[in-house]
Amino acid sequence: MKHLPKHLRPRWRYLAVGIETWPDAEIGRRGFQRALWYAAGNLLGDAGSADADLTLLSFSHDGGEGEAIVRARHGHVDDARAAIGCVAEVDGDPVGIRVRGISGTVRACEERYMGRASANSTQRDVAFEGAERSAIVRGDAYDVRTESGYVGAAAFDTE
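Residues numbered from 1 in each chain as written. Predicted model: local features only at pLDDT ≥ 70, side-chain atom pairs only at ≥ 80, totals over all residues. Heavy atoms only, no water.

In the annotation of an unreviewed UniProt entry, the entry for the protein reads Ribonuclease P protein component 2, and the organism field reads Halorubrum persicum. On record in UniProt, under Sequence similarities (unreviewed entry), the comment for the protein is "Belongs to the eukaryotic/archaeal RNase P protein component 2 family." (UniProt positions renumbered as here; feature names shortened; annotations may be inferred.)

Peer 1: For this particular structure, what's the right way to read the overall build of the protein?
Peer 2: The secondary structure content of the protein amounts to three helices and nine strands. Going residue by residue from the N terminus, the α and β elements of the protein occur as β-α-β-β-α-β-β-α-β-β-β-β. Its C-alpha atoms give the protein principal-axis dimensions of roughly 65 × 30 × 25 Å. Across the 159 residues in the protein, those meeting the buried criterion constitute 40%. Sequence separation of at least 24 residues holds for 58% of the intrachain contacts in the protein that already meet a minimum separation of 6. (Helix = DSSP H or I, 4+ residues; strand = E, 2+ residues; numbered from the N terminus. Buried < 20%, exposed > 50% of the residue type's maximum accessible area, 1.4 Å probe, protein only. Contact = heavy atoms within 4.5 Å.)

Peer 1: Which parts of the structure should I look at to understand the side chain of Arg133?
Peer 2: By secondary structure assignment, the location of Arg133 is in strand 7 (residues 131–138). Assessed through its relative accessible area of 14%, Arg133 is described here as buried. Ignoring anything within four residues of it in the chain, the contact list for Arg133 reads Arg124, Asp125, Val126, Phe128, Val144, Arg145, Thr146 and Glu147.

Peer 1: Sorry if this is basic, but what is going on with the domain arrangement of the protein here?
Peer 2: One frequently used descriptor of interface size is the decrease in accessible area upon assembly of the parts. Domain assignment breaks the protein into domain 1 (11–113) and domain 2 (122–158). Put simply, the middle of domain 1 and the middle of domain 2, counted by C-alpha atoms, are 28 Å apart. Where domain 1 abuts domain 2, roughly 570 Å² becomes buried across the two surfaces, and 56% of that area is made up of carbon and sulfur atoms. Joining domain 1 to domain 2, the criterion identifies one salt bridge. The partner of Asp24 in a salt bridge is Arg145, with the nearest N and O atoms 3.8 Å apart. Run the count over domain 1 and domain 2 and you get zero residue pairs in polar contact (both at pLDDT 80 or more). For the side of domain 1 that touches domain 2, the class distribution of residues is two nonpolar, three polar and three charged. (Domains from an automatic or database assignment. Buried area = accessible area lost by both parts, 1.4 Å probe. Salt bridge = Lys/Arg side-chain N within 4 Å of Asp/Glu carboxyl O. Polar contact = N/O pair within 3.5 Å; in protein donor to acceptor, adjacent residues only side chain to side chain. Nonpolar A, V, L, I, M, F, W, Y, C, P; charged D, E, K, R; others polar.)

Peer 1: Is there a simple way to explain helix 2 (residues 77–85) in this structure?
Peer 2: Owing to its 3.6 residues per turn, the α-helix aligns residues three or four sequence positions apart on the same side. Listing the buried residues of helix 2 in full gives Val77, Ala80, Ala83 and Ile84. Projected down its long axis, helix 2 carries its buried residues within an arc of 125 degrees, all on one side. Those residues of helix 2 that are exposed and angled more than 90 degrees off the buried face are Asp78 and Gly85. Contacts from the buried residues of helix 2 go to strand 1 (12–21), helix 1 (29–52), strand 3 (65–73) and strand 5 (93–103). (Arc of directions from axis to C-beta.)

Now the structure itself:
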């Protein structure tokens, strides 16, 4: 079977996505792809979701931070951004998702937007709610461990 000529091939855009979760969350590639498809189906409908054709090309997640590359059809980038923004949880774990940028090739997407999620995180004890508690610090964000799970806090909240 012959390939389609270049002017008939579909054009793609690649979205670099930053993922943030609680430090103990276990999020897998399949779960994230499933949540992405589910959000796109709910927001865009079956026909719109099929037209956008969102596909997860690369995915990594560790220690509460991750990143992914999502492929979308050229004319459906706004739909893809909206569907990505609708993902609130993956496999029962709440997630925060941010589109870092959009590119025309996978290589340019990796070079420009990927790798920033690997900010160093440290664990330290902080004063929170009148008690000393364990917290994971990532930049200016603190994930404070409480009896019921993690609580997001800023530096001002922990002093």
